[in-house]
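# Structure at a glance
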Amino acid sequence: MVQGQISAGTYDASSIQVLEGLSAVRKRPGMYVGSTDARGLHHLVWEVVDNSIDEVLAGYCTEMWVTLGTDGSCTVVDNGRGIPVEIHPRYNKPALEIVMTILHAGSKFDKNTYKVSGGLHGVGVHVVNALSEWFEVRVKRGGQLHMQRYEQGAPVTPLQILGNGDGTGTEIRFKPDATIFETVAFDRETVQRRLKELSFLNPEVTIHFADERDGVTETLHHAGGISEYVTDLNATHTVLFPDPIYLHAKRNSTDIEIALQYNDGYNETMLAFVNNINTVDGGTHVMGLRAGLTRTLNDYARQRGIIKGDRESLTGEDVREGLTCVLSIKVLEPQFEGQTKARLGNSEVKGQVESAVNEKLADFLEEHPAVAQGLILKAVQAAEAREAARKARELTRRKGLLDGGGLPGKLADCHSRDPAICELFIVEGPSAGGTAKQGRDREFQAILPLRGKILNVEKARLDRMLQSDEIRTLLVAIGTGIGDDFDITKLRYHRIILMTDADVDGSHIRTLLLTLFYRKVPELIRDGHVFIAQAPLYRIQKGGKAVYAYSDEERERELQELGGMKGVTISRYKGLGEMTAEQLAETTMRPGARNLLRVTVEDAAKADLLFTILMGEEVEPRRQYIQDHAVEVTNLDI
Ligand code: 0RA
């Protein structure tokens, strides 16, 4: 079919190359877009959007339109220079067609500009074409409107001139191929999140987003750039000084931008981008920033006699307590490393960023003594707390409290010592704890009942945390230690299962626990060790037969299946303690019968955000949140 559409005259060696290239992509899509699940699907969008962003970086594009269509398509329009349509002498074809069909064509058009598309997503737009049911490109350039259509990567029309057109720009519209991807439904929030990120990183562009499936539209433009990004990230926090510190420097061809601000919390939020790509695994640029920050703040504090000698110097952790920071650098030839290619490897960058911070931050502190005082004071307090935490840890260790030497009395441990099969159920309240103990399989299931609410770790440093009995007990049971002592090989249970009541208190305790894990032992969530048990809400009995329903909808469905309410007894469980041990075991605890939810980093991050909003001191975000989530909020009432 494809061959039929290319006329005999053009069916030459280069066409054969194109077809081979296409079938390679379609045969192994994962090699090009990572996977064929939702992640790989969105990769297509990033690839096309990044191409337009490159045109922004080159200084030629100020506006973009990204639209998710009701037909399952995605359209990206920009007002850049337009993809070149001139005939490429070597291939005797329009440059545009070469870009759309040949591996890595076009990526070296201009070596002296920063490119997003050369980076993490940089497989080339021809990959999007190859993995699309259809793909259309329109280009306004030289006073004319050009268009070409492809199906499964192969051209089905020549590059045609549709008519005259003012201005310049590119429009790419594609529909992902449902025979390649497991899902072809774009997720609006995922797309919006990336576009928002891009609009902070590229303040010169305005991005118009529309989801025609649900009528949502949004215009994204942040003239304040990464400083505004930091302000946005700190919106739910109390900040130490009103405006983020903004530093900008160039070292050789590396362009370095940093915005930072402290809040009164204890956590660090650091987002690091290289050519607009989020390097979640850090790299040399982040190392340079950390080294520069530590060095500059120590120098400043020492010069003014706030700290003396070497021994008391502030550590990296001290100076990053409460720090919210966005680092955005542009590098001509970035090297991305690691399994997910999300870490920068260029060794020269560390020194470049470090020297930029040393110079520019020192200047800033010199010119803003009040801000400098506040932030040094914060770091000094962090250092003091670190020392107190060390003493507290040492004390608990000496008492045998944190090394597993003395397991807490409340823990009903299991017999097995093989962590890979062992499970820890964290249960709310002594009565549910009793039921769970009877219902468990004591070979591999341990039960730890918690007494009511636990400490809000958002507002506590390590030393305060370790004073809480509930938290110490939990940490001893888990076995890994915390902070500098964390050791995943000491994990005593590979499944840590939160089993709380399906009511307000239960959801509160679950949120607290998720926040604790997310903030203090995030490795456990990242490695998939944390789960939520799903207990039924209803028991529906008819004659000798009983079924369980885990939601109101399920209850309705079960009732319909049983043929209505006649002769049916429904009991609603208000808490786990109301179930018999056998009922709890067969619905919620026993492998095979139960339905565990694995907690993802996103789940935990949401819980954490909820927490900062609902427990934080900032009134406005809380009011806004409650207004936005008026329906759900009865269940979130903390
Ligand atoms: C190479 C050269 C030129 C423009 C582009 C690529 C270009 C590519 C894309 C992809 C999406 N939108 C785009 N906009 C522009 C310009 C060459 C010139 O005019 O001198």
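Up top you'll find the structure we're talking about.
Residues numbered from 1 in each chain as written. Predicted model: local features only at pLDDT ≥ 70, side-chain atom pairs only at ≥ 80, totals over all residues. Heavy atoms only, no water.

We now examine helix 19 (residues 581–589). Counting buried positions along helix 19 yields seven of nine residues, so the element is predominantly enclosed. Residues of helix 19 that are buried include every one of Ala 581, Gln 583, Leu 584, Ala 585, Thr 587, Thr 588 and Met 589, and no others. On its buried face, helix 19 is in contact with strand 19 (423–428), helix 13 (430–439), strand 20 (445–450), strand 21 (495–499), strand 23 (538–542) and strand 24 (545–549). (Buried < 20%, exposed > 50% of the residue type's maximum accessible area, 1.4 Å probe, protein only. Helix = DSSP H or I, 4+ residues; strand = E, 2+ residues; numbered from the N terminus. Contact = heavy atoms within 4.5 Å.)

This next bit is on the site of the ligand. The immediate surroundings of the ligand are formed by ten residues, with Glu 55, Asp 78, Arg 81, Ile 83 and Arg 141 found nearest. Interatomic distance of 2.7 Å between a side-chain N/O atom of Asp 78 and a nitrogen atom of the ligand. Arg 141 is positioned such that a nitrogen or oxygen atom in its side chain is 2.8 Å from an oxygen atom of the ligand. Calculation on the ligand without its partners gives an accessible area of 450 Å², and the protein chains cover 76% of this total. Grouping the constituent residues of the shell around the ligand by class yields three nonpolar, three polar and four charged. (Near = heavy atom within 4 Å. Polar contact = N/O pair within 3.5 Å; in protein donor to acceptor, adjacent residues only side chain to side chain. Areas by Shrake-Rupley, 256 points an atom, 1.4 Å probe, with all protein chains shown as cover. Nonpolar A, V, L, I, M, F, W, Y, C, P; charged D, E, K, R; others polar.)

This next bit is on the packing of aromatic side chains. What the rule picks out here adds up to four aromatic pairs. Residues Phe 135 and Tyr 150 carry aromatic rings whose centres are separated by 5.9 Å and whose planes lie at 80° to one another, so their mutual orientation is edge-to-face. Of this pair, Phe 135 sits in strand 5 (residues 132–141) while Tyr 150 sits in strand 6 (residues 144–151), and the two are 15 residues apart along the sequence. Tyr 150 carries the same exposure label as Phe 135, and that label is buried. One aromatic cluster is present, built from ring pairs that chain together Phe 200, Tyr 229 and Phe 273. Here the guanidinium or amino end of Arg 304 rests over the ring plane of Tyr 300, the centre of that ring lying 3.8 Å away. The ring of Tyr 538 has Arg 555 sitting right over it, with the charged end atom 4.8 Å from the ring centre. (Phe/Tyr/Trp six-rings, centres within 6.5 Å; stacked < 30°, edge-to-face > 60°. Lys NZ or Arg CZ within 6 Å of the ring centre and 35° of its normal.)

The next subject is unusual backbone geometry. Unlike most non-glycine residues, Asn 252 shows phi in positive territory, near 55°. Assignment of secondary structure puts Asn 252 in the loop between strand 12 (245–251) and strand 13 (254–262). At Asn 276, a position not held by glycine, the phi torsion is positive, near 75°. Considering the arrangement of structural elements, one finds Asn 276 in the loop between strand 14 (269–274) and strand 15 (277–278). Take Asn 276: its relative accessible area is 0%, and that puts it in the buried class.

A few words on the side chain of Thr 473. Considering the arrangement of structural elements, one finds Thr 473 in helix 15 (residues 469–478). Using a relative accessible area of 13% as the deciding quantity, one classes Thr 473 as buried. Excluding residues that lie within four positions of it along the chain, Thr 473 makes contacts with Pro 408, Lys 410 and Leu 448.

Turning next to the pattern of salt bridges. Taken as a whole and judged by the stated rule, the model has 35 salt bridges. The partner of Glu 359 in a salt bridge is Arg 251, with the nearest N and O atoms 2.8 Å apart. Here the residue Glu 359 occupies a position in helix 11 (residues 348–367), and Arg 251 occupies one in strand 12, the gap between them amounting to 108 residues. Given a relative accessible area of 38%, Glu 359 falls into the partly exposed group. Classification of Arg 251 by relative accessible area gives buried; the value is 18%. Here Glu 268 makes a salt bridge to Arg 320, at a shortest N to O gap of 3.1 Å. (Salt bridge = Lys/Arg side-chain N within 4 Å of Asp/Glu carboxyl O.)

Here we take up the sheet that holds strand 26 (residues 597–598). What the five strands build is an open sheet, ordered 20-19-21-22-26; its pairing is mixed. With one partner strand each, in any of the chains shown, strand 20 and strand 26 form the two edges of the open sheet. Here strand 19 runs beside strand 20; their pairing, made up of six bridges, is parallel. Bridged to Phe 425 within strand 20 is Ile 447. Along the sheet face, helix 15 touches strand 19, strand 20 and strand 21 and points at about 170° away from the line of strand 20. (Pairing = 2+ DSSP bridges. Axes fitted to C-alpha atoms, helices over the stretch in contact; angles between N-to-C directions.)

A few words now on the state of the cysteines. Simply put, the disulfide is a covalent bond whose two ends are the sulfur atoms of two cysteines. All told, the structure shown has zero disulfides when counted by the stated rule. In this structure Cys 414 is a free cysteine whose sulfur lies 3.6 Å from that of Cys 422, the closest cysteine sulfur available. (Disulfide = S-S within 2.5 Å.)

Here three strands make up an open sheet; going across it, the order is 24-23-25 and the pairing antiparallel. Each of the sheet's edge strands pairs with one partner strand only, and the pair in question is strand 24 and strand 25 (568–572). Each neighbouring strand pair of the sheet contributes to a mean axis angle of 20°, computed without reference to strand direction. In the sheet, strand 23 pairs with strand 24 via five bridges, with the strands oriented antiparallel. Within strand 24, the residue paired with Ile 540 across the bridge is Val 547.

Turning our attention to the nonpolar core. Residues Val 49, Met 64, Met 100, Phe 135 and Phe 174 are the most contacted members of the largest nonpolar core, which totals 49 residues. The element best represented in this core is helix 4 (residues 38–57), accounting for eight residues. The contact partners of Phe 174, leaving out residues within four places of it in the chain, are Leu 44, Val 45, Val 48, Gly 72, Ser 73, Cys 74, Val 128, Ser 132, Trp 134, Phe 135 and Phe 186. (Core = buried A, V, L, I, M, F, W, Y, C linked by side-chain atoms within 4.5 Å.)

Turning to the environment of Ala 372, a few remarks are in order. Looking at where Ala 372 falls in the secondary structure, it is placed in helix 12 (residues 369–398). When near neighbours in sequence (up to four residues on either side) are disregarded, Ala 372 contacts Tyr 300 and Leu 365.

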